[in-house]
Amino acid sequence: MQKNTPPPSTIRLTRRGKLVLVMTGAVVAGTAVAVPLWMIRSGEIARPASLVIPEGWRASQIYAAVDKTLTLPAGSTKKSLARAHLKLPKDAEGNPEGYLFPATYQVPEKATPESLLTVMAQTADKKFNGAPTAAGAQRNAMNVYQAVTVASIVQAEAASKDDMGKVARVVFNRLERGMPLQMDSTINYALNRATLKTSSNDTKLNSPYNSYQRMGLPPTPIDNPGEDAMRAAISPTPGDWLYFVTVKPGDTRFTADYAEHQRNVAEFNAGQKKASPSK
C-alpha cells in the first residue's frame, strides 16, 4: 500500500444504496425487470418463453436462474461448463464471469444449459470485441478482458448510469497513481455476498479479489456488465477524483481530497445510523 494512502480501517472508498430484489414472481435489478421464471398453466408449471439476465448479475446467479428456468437440479448449469466449450478470451482461463452478457434470451423447448450459456457468451463476444471497444481499451493501456473487468467494477459500484463514467475514472486514477483500488465490491465478490458494510477484518481477507490488500485489478471480472458500464470503462469521464461515496440515493460525491471524502463518509455513516437505530 502506498504511503500516501490512508489505512483501510479509516477509508471507505465506496458506498452505494442499490438493492437487488429477487422475488418468487420476478427478478428486479437496477432497471431490468425479468419475466416470471415460473408460469402456471392449468395447474402445471410450464417453461418460460424467455429469460432475463439483469446487468450486474454474477455467474453464480445466472447458473441458478438457468437451473430454475430449465427445472434442473441446483448446480446442473455450473457443471455443464466443461461441455459448453464457450468462446472466451485466453485471459479468462475458462471462467465465463463477465462474458455471460445481460439481456433477454429466448428459451426454446429443447434448450440446455450449454445452449443458453453459449448464446450468452456469443453475445458478449459480439458486444465486446468490436473495433471501438478494442481501441478504447488500448487508449487506457488495457486489453479487452481488463476493460471488461473495469466495467464489472463500475457496474457493481455506480449508484446510477450517470455515475458510471466517474467511477471508471476513479479506477483509472488510482491505477495510474499506484494506489490500491479499495473497492468493497471486490471483497463482496470474494465472500459471495452483497452488502454496504465492510469491516476492518474484511479488508484483511486473504484473496486475490481483496483490492484493499492487492494492487491492480482483480484477476477476473466480478459480475457481468452491460453496455453502459462497458462504455464507461473505455471512455471514462475526465476528472481527478480518487474517492467517492453515495451519501444517500441520488447523491454520490466524487472528490480528489481525502479530508473532504472523510466528511462525506461521516455524513453517510450518520445517515445509516439514523435509518437503523440500535435497539
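Residues numbered from 1 in each chain as written. Predicted model: local features only at pLDDT ≥ 70, side-chain atom pairs only at ≥ 80, totals over all residues. Heavy atoms only, no water.

Once that is clear, we can look at the overall build of the protein. When its secondary structure is counted, the protein shows 10 helices and 9 strands. Split into buried and exposed, the 279 residues of the protein put 48% on the buried side. Here the contacts in the protein between residues at least 6 apart in sequence split such that 67% fall between residues at least 24 apart. (Helix = DSSP H or I, 4+ residues; strand = E, 2+ residues; numbered from the N terminus. Buried < 20%, exposed > 50% of the residue type's maximum accessible area, 1.4 Å probe, protein only. Contact = heavy atoms within 4.5 Å.)

This brings us to unusual backbone geometry. Here His85, not a glycine, exhibits a phi torsion of approximately 50 degrees, which is positive. Structurally, His85 can be placed in the loop between helix H3 (81–84) and strand S7 (104–106). Phi at Gln182 takes a positive value of approximately 50 degrees, unusual for a residue other than glycine. Assignment of secondary structure puts Gln182 in the loop between helix H7 (164–176) and helix H8 (184–190). Residue classification places Gln182 among the buried residues on the basis of a relative accessible area of 0%.

On to the packing of helix H6 (residues 144–157) against helix H9 (residues 227–234). Packing of H6 against H9 brings their axes to within 8 Å, and their N-to-C directions diverge by 120 degrees. Of the two elements, H6 crosses H9, and the hand of that crossing is right-handed. Here Val144, Ala147, Val148, Val150, Ala151, Val154 and Gln155 of H6 lie close against H9, whose contacting residues are Ala229, Met230, Ala232, Ala233 and Ile234. Per-class residue counts for the contact of H6 with H9 are 11 nonpolar, 1 polar and no charged. (Axes fitted to C-alpha atoms, helices over the stretch in contact; angles between N-to-C directions. Left-handed = near helix turned anticlockwise from the far one by under 90°. Nonpolar A, V, L, I, M, F, W, Y, C, P; charged D, E, K, R; others polar.)

This paragraph deals with the pattern of salt bridges. One pass over the full model with this rule turns up 8 salt bridges. Across the pair Arg231 and Asp228 runs a salt bridge, and its minimum N-O distance is 2.4 Å. You can see Arg231 and its partner Asp228 sitting in helix H9, 3 residues apart, about one turn around the helix. Classification of Arg231 as partly exposed rests on a relative accessible area of 49%. For Asp228, a relative accessible area of 22% puts it in the partly exposed group. Connected through salt bridges with shared partners, the residues Lys161, Asp228 and Arg231 form a single ionic network. (Salt bridge = Lys/Arg side-chain N within 4 Å of Asp/Glu carboxyl O.)

On a regular strand, one side chain projects to one face of the sheet and the next to the other, so that they alternate. Burial analysis of strand S9 (residues 251–255) places 4 of its 5 residues in the buried class, the great majority of the element. Of the strand pairs in this sheet, strand S8 (residues 243–248) and S9 are connected by 5 bridges, and their pairing is antiparallel. By the bridge assignment, Thr246 is partnered in S9 with Thr252. The loop that links S8 with its antiparallel partner S9 comprises 2 residues; one of these, Gly250, has a positive phi angle of about 85 degrees. (Pairing = 2+ DSSP bridges.)

Once that is clear, we can look at the confidence of the model for the protein. Taken as a whole, the protein shows an average pLDDT of 86; of its residues, 82% reach a score of 70 or greater. Segment residues 1–12: pLDDT under 50, and 36 contacts once partners within four positions in sequence are set aside and those in other chains are kept. Counting contacts from residues 14–44, a segment whose pLDDT is below 50, to residues more than four positions away or on other chains yields 61 contacts. (pLDDT = per-residue confidence, 0-100.)

Here we take up the environment of Val150. With respect to the element layout, Val150 can be found in helix H6. Classification of Val150 as buried rests on a relative accessible area of 0%. Between the C-alpha atom of Val150 and that of Pro221, which follows or precedes it by 71 residues, the distance is 7.3 Å. Leave out the neighbours within four places in its chain, and Val150 touches Met142, Val171, Phe172, Leu217 and Ala233.

To continue, consider the environment of Gln146. With respect to the element layout, Gln146 can be found in helix H6. Overall, the relative accessible area of 32% leaves Gln146 in the partly exposed class. Distance from Gln146 to Ala233, taken between C-alpha atoms, is 9.5 Å for residues 87 residues apart in sequence. Excluding residues that lie within four positions of it along the chain, Gln146 makes contacts with Ala141 and Leu217.

Moving on, we get to the nonpolar core. In this structure, Leu100, Met120, Phe128 and Val154 are the most contacted members of the largest nonpolar core, which totals 55 residues. Elements with a contribution of two residues or more to this core: helix H1 (59–69), helix H4 (113–128), H6, H7 and H9. With 9 residues, H6 is the largest single contributor of residues to this core. With sequence-adjacent residues up to four places away left out, Met120 is seen in contact with Leu51, Ile53, Ile62, Val66, Tyr99, Leu100, Phe101 and Tyr105. (Core = buried A, V, L, I, M, F, W, Y, C linked by side-chain atoms within 4.5 Å.)

To continue, consider the side chain of Asp223. Here Asp223 shows up in the loop between H8 and H9. For Asp223, which is buried and forms no salt bridge, the nearest opposite charge comes from Arg58, at a distance of 6.5 Å. Residues contacting Asp223, with those up to four places away along its chain left out, are Gly56, Trp57, Arg58, Glu97, Gly98, Ser152, Gln155 and Ala156. (Lys, Arg positive; Asp, Glu negative; His and termini not counted.)

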